[in-house]
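Analysis of the macromolecular model
The primary structure of each chain is shown beneath.
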Amino acid sequence: MVVERRMTKKFLEDAFAGESQAHVKYAIFAEQAEKEGYGNVAKLFRAIAFAELVHARNHLKALGNVESTAENLETAIRGESYEVDEMYPVFNKVAEFQGEKEAQKSTYYALSAEKIHVDLYKKAKEAVESGKDVEIEKVYICPVCGFTVVDEAPEFCPICGTKRDIFKQF
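Described in the following lines is the structure provided in the data block. (Residues numbered from 1 in each chain as written. Predicted model: local features only at pLDDT ≥ 70, side-chain atom pairs only at ≥ 80, totals over all residues. Heavy atoms only, no water.)

1. So, the overall build of the protein
Quick reminder of the rule: We count a stretch as a helix when DSSP gives it H or I for four or more residues in a row; a strand needs E for two or more, and each element gets its number in order from the N terminus. Working definition: with a 1.4 Å probe on protein chains only, accessible area under 20% of the residue-type maximum means buried, over 50% means exposed, and in between means partly exposed. Contacts are assigned to residue pairs with any non-hydrogen atoms lying within 4.5 Å of each other.
Across its full length, the protein holds four helices and three strands. Going residue by residue from the N terminus, the α and β elements of the protein occur as α-α-α-α-β-β-β. Its C-alpha atoms give the protein principal-axis dimensions of roughly 50 × 45 × 40 Å. In the protein, which comprises 170 residues, the share counted as buried stands at 28%. If you take every contact in the protein between residues at least 6 apart in sequence, the share linking residues at least 24 apart comes to 53%.

Structure, rendered in structure tokens:
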């Protein structure tokens, strides 16, 4: 079902955004609670983060925005391309102009990683459109900057210099 009425659509889009942010925020809060030794608080944050993901998924489906894998990949390519071409370059320049070093580093890291995501999604879309799954054995993510690489992590992250042994493997 695709939502037709403008108010309902706008409200579902806002709800999706809010639930998505809550999901991520609570997952990050869980990491912090874990670091501080509050395992049960971390568990509570993770559980409720999952509930927020359920809400976000339901809203996205009600909006009709979960499509075929090829269409979903195209949506991802458009989103990542926007971040690379428009959003992060502007955010980074404003942070630089205002002397906000942490924001400048954060947006630089994101911009650098998003470029890689565009390419990975494009390769995946080509594979899917030819009726195949993309050939990936492992994906490694730098937990500091988000640098993403397939099959083998470099000795040091080319964006932030983080050592390979702390990369997260998928």
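The structure having been displayed, the exposition proceeds.
2. Considerations on the side chain of glutamate 80
Note the cut-off: Counting rule applied: Lys, Arg positive; Asp, Glu negative; His and chain ends not counted. Each salt bridge in this description consists of a side-chain nitrogen of Lys or Arg and a carboxyl oxygen of Asp or Glu lying within 4 Å of one another. Polar contacts, as used here, are pairs of N or O atoms within 3.5 Å; protein pairs need one atom able to donate a hydrogen and one able to accept it. Residues neighboring in sequence count only if both atoms are side-chain atoms.
Within the secondary structure layout, glutamate 80 lies in helix H3 (residues 69–97). Of the side chains with opposite charge, lysine 122 lies nearest to the buried glutamate 80, which makes no salt bridge, at 11 Å. Among the polar contacts listed, one links the side chain of glutamate 80 to the side chain of histidine 117, at a separation of 3.2 Å. Setting aside its immediate chain neighbours within four residues, glutamate 80 contacts Glu114, His117, Val118 and Tyr121.

3. What to know about a negative patch on the surface
We apply this condition: Patches were defined on residues exceeding 30% relative accessible area and lacking a salt bridge, with like-charge contacts within 9 Å and nonpolar side-chain contacts (Val, Leu, Ile, Met, Phe, Trp, Tyr) within 5 Å. Accessibility throughout is a Shrake-Rupley quantity obtained with a 1.4 Å probe, and a residue counts as covered only by protein chains that appear here. Charge positions are represented by NZ for Lys, CZ for Arg, CG for Asp and CD for Glu.
Judged by side-chain charge, Asp133, Glu135, Glu137, Asp151 and Glu152 come together as a negatively charged surface patch. Along the polypeptide, aspartate 133 turns up in the loop between helix H4 (101–129) and strand E1 (139–141). For aspartate 133, a relative accessible area of 66% puts it in the exposed group.

4. Considerations on H3
Put simply, the rule reads: How far a helix is expected to stretch is found by multiplying one less than its residue total by 1.5 Å. Bend angle per residue: angle between axes fitted to the 7 residues ending at that residue and the 7 residues starting there.
Between its terminal C-alpha atoms H3 stretches 40 Å, which fits the 42 Å expected from 29 residues at 1.5 Å a residue. At glutamate 83, H3 shows its largest bend, some 45 degrees. Along H3, the residues that are buried comprise Ala70, Leu73, Ala76, Ile77, Glu80, Ser81, Glu83, Val84, Met87, Tyr88, Asn92 and Ala95. Structurally, H3 contributes buried residues whose contacts are with H4.

5. Examining the environment of isoleucine 77
Its location among the elements puts isoleucine 77 in helix H3. Along the sequence, isoleucine 77 and aspartate 119 sit 42 residues apart, while their C-alpha atoms lie 8.3 Å from each other. Look past the residues within four positions of isoleucine 77 in its chain and what remains in contact with it is Val118, Tyr121, Lys122 and Lys125.

6. What to know about the packing of aromatic side chains
To keep it simple, the criterion reads: Any pair of Phe, Tyr and Trp rings, taking the six-membered ring for Trp, is counted once the centres come within 6.5 Å. Such a pair is stacked with planes under 30 degrees apart, edge-to-face with planes over 60 apart, and tilted for the rest.
The final tally for this structure, using the stated rule, is six aromatic pairs. Here tyrosine 88 and phenylalanine 91 contribute two aromatic rings whose centre-to-centre distance is 6.1 Å and whose plane-to-plane angle is 90 degrees, an arrangement assigned as edge-to-face. With a gap of three residues between them, tyrosine 88 and phenylalanine 91 both fall in helix H3, about one helical turn apart. Plain terms: the ring middles of tyrosine 108 and tyrosine 109 are 6.3 Å apart, the flat faces sit at 50 degrees to each other, and that makes the pair tilted. Residue tyrosine 109 is classed as buried on the basis of its relative accessible area of 15%.

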